[in-house]
Amino acid sequence: MKKFFKYNRPAAIIALVAIIVLSVWLGGMRSVSSLKKNVLKAYFTDYSSGGCVADDMAKYLSYSQKILGIAEANGVRNEEYSSAVNSFADVCDSPFTAAPVYEKLRKSADTVYNILYAANLDSSVRNSLISYYYEMTSTSQRLANNSAYNKIARKYNSASVSFPASLYGSDDVAVVFR
């Protein structure tokens, strides 16, 4: 084999190019895979400064379900919010599936809150609504301030769309909180 490449320069050049391309491709895949594991680890890690993202997402879901209950009990039907809450319940345990649903839920929660706040509610129900909404807002801010997780998620998102990782066709986007 050594003599084959020694005396056959075109074959040696082709082999060298193939090795370089394969190394770049496999190295990129390995890097993105490693970063993806880091995002998953960070999602379930309890940081003293920012808390645990998975726990905060569960709390966010709980408060959004309570607001949905108040809305349904008072005759306020918002399909977008109801759909977002149900979708979020299915995906909030993963940083890769929660990204688009989290933003949709945040936006529709504001709309439902404003509708309910303007409605004629009992004072105890209104106080509960305000409390749940502010807990949702507080949780959202805590998620946005979790710089340890958000830094890792941004790094993964950046690496997954850059060359050569963009050639792999992965649609996984880690949720980054704002």
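Details of the structure are given in the entry above.
Here we summarise the structure given alongside this text.

Reading guide: rules and limits
Residues numbered from 1 in each chain as written. Predicted model: local features only at pLDDT ≥ 70, side-chain atom pairs only at ≥ 80, totals over all residues. Heavy atoms only, no water. Helix = DSSP H or I, 4+ residues; strand = E, 2+ residues; numbered from the N terminus. Buried < 20%, exposed > 50% of the residue type's maximum accessible area, 1.4 Å probe, protein only. Contact = heavy atoms within 4.5 Å. Areas by Shrake-Rupley, 256 points an atom, 1.4 Å probe, with all protein chains shown as cover. Core = buried A, V, L, I, M, F, W, Y, C linked by side-chain atoms within 4.5 Å. Expected span 1.5 Å × (residues − 1). Salt bridge = Lys/Arg side-chain N within 4 Å of Asp/Glu carboxyl O. Arc of directions from axis to C-beta. Phe/Tyr/Trp six-rings, centres within 6.5 Å; stacked < 30°, edge-to-face > 60°. Lys NZ or Arg CZ within 6 Å of the ring centre and 35° of its normal. Patch = residues over 30% accessible without salt bridge, like charges linked within 9 Å, V, L, I, M, F, W, Y side chains within 5 Å. Axes fitted to C-alpha atoms, helices over the stretch in contact; angles between N-to-C directions. Parallel < 35°, antiparallel > 145°, perpendicular 65-115°, else oblique. Left-handed = near helix turned anticlockwise from the far one by under 90°. Nonpolar A, V, L, I, M, F, W, Y, C, P; charged D, E, K, R; others polar.

### Quick notes on the overall build of the protein
So, point 1. Each helix and strand in the protein was counted, giving seven helices and two strands.
So, point 2. Along its sequence from the N terminus, the protein presents helices and strands in the succession α-α-β-β-α-α-α-α-α.
So, point 3. Going through the 178 residues of the protein one by one, you find that 37% of them count as buried.
So, point 4. In the protein, of all internal contacts separated by at least 6 residues, the share reaching a separation of at least 24 is 67%.
So, point 5. Split by element, the accessible area of the protein, about 10,700 Å² in all, is 56% carbon and sulfur.

### Considering the nonpolar core
For soluble globular proteins, the rule of thumb is that nonpolar side chains tend to be buried together.
So, point 1. Formed by 46 residues in total, the largest nonpolar core has its most connected members in Met57, Tyr81, Phe88, Leu116 and Tyr149.
So, point 2. Looking at this core, the elements that each hand over two or more residues are α2 (9-43), α3 (53-73), α4 (79-91), α5 (99-118), α6 (123-144) and α7 (147-161).
So, point 3. Ranked by residue count, the leading element in this core is α3, at ten residues.
So, point 4. For tyrosine 81, the residues in contact, after removing those within four places along its chain, are Ser64, Ile67, Leu68, Leu105, Ser108, Ala109, Val112 and Met136.

### Brief notes about α3
The α-helix advances 3.6 residues per turn, and as a result positions three or four apart in sequence lie on the same side.
So, point 1. Over its 21 residues, α3 extends 30 Å from the first C-alpha to the last, a length consistent with the 30 Å expected when each residue adds 1.5 Å.
So, point 2. The set of residues buried in α3 consists of Val53, Ala54, Asp56, Met57, Tyr60, Leu61, Tyr63, Ser64, Ile67, Leu68, Ile70 and Ala71.
So, point 3. Two residues or fewer past α3, glycine 75 is found with a positive phi of approximately 75°.

### As for the pattern of salt bridges
So, point 1. All told, the structure shown has two salt bridges when counted by the stated rule.
So, point 2. Note that arginine 106 and glutamate 103 form a salt bridge whose closest N and O atoms lie 4.0 Å from each other. One end of the pair, arginine 106, and the other, glutamate 103, are both in helix α5, three residues apart, so they sit about a helical turn from each other.

### Side note on α6
So, point 1. In this model, α6 (22 residues) spans 31 Å end to end at C-alpha, consistent with the 32 Å of a helix rising 1.5 Å per residue.
So, point 2. Those residues of α6 lying buried are Leu129, Tyr133, Met136, Thr139, Ser140 and Leu143. Along the axis of α6, the buried residues cluster in a sector spanning 120°; they form a single face. Across from the buried face of α6, at angles greater than 90 degrees, the exposed residues are Ser123 and Asn127.
So, point 3. Check the buried side of α6 and you find it contacts α3, α4, α5 and α7.

### Observations regarding the packing of aromatic side chains
So, point 1. Applying the stated criterion to the full structure yields eleven aromatic pairs.
So, point 2. The ring of phenylalanine 96 has lysine 36 sitting right over it, with the charged end atom 5.1 Å from the ring centre.

### Observations regarding a nonpolar patch on the surface
So, point 1. Among the surface-exposed residues, Ile13, Val17 and Val21 lie close enough to one another that they form a single nonpolar patch of about 280 Å² accessible area.
So, point 2. By the element assignment, valine 21 lies in helix α2.

### A word on the packing of α5 against α6
So, point 1. Between α5 and α6, whose axes approach to 11 Å, the crossing angle comes to 155°. Overall, the two elements α5 and α6 adopt an arrangement that is roughly antiparallel. Of the two elements, α5 crosses α6, and the hand of that crossing is left-handed. Facing α5, whose interface residues are Tyr102, Arg106, Ala109, Asp110, Tyr113, Leu116 and Tyr117, α6 presents Arg126, Leu129, Ile130, Tyr133, Tyr134, Met136, Ser140 and Leu143.
So, point 2. A per-class count over the contact of α5 with α6 returns eleven nonpolar, one polar and three charged.

### Comments concerning the environment of leucine 35
So, point 1. The residue leucine 35 is located in helix α2 in this model.
So, point 2. When sequence neighbours within four positions are dropped, the list of residues in contact with leucine 35 reads Lys155, Tyr156 and Ala159.

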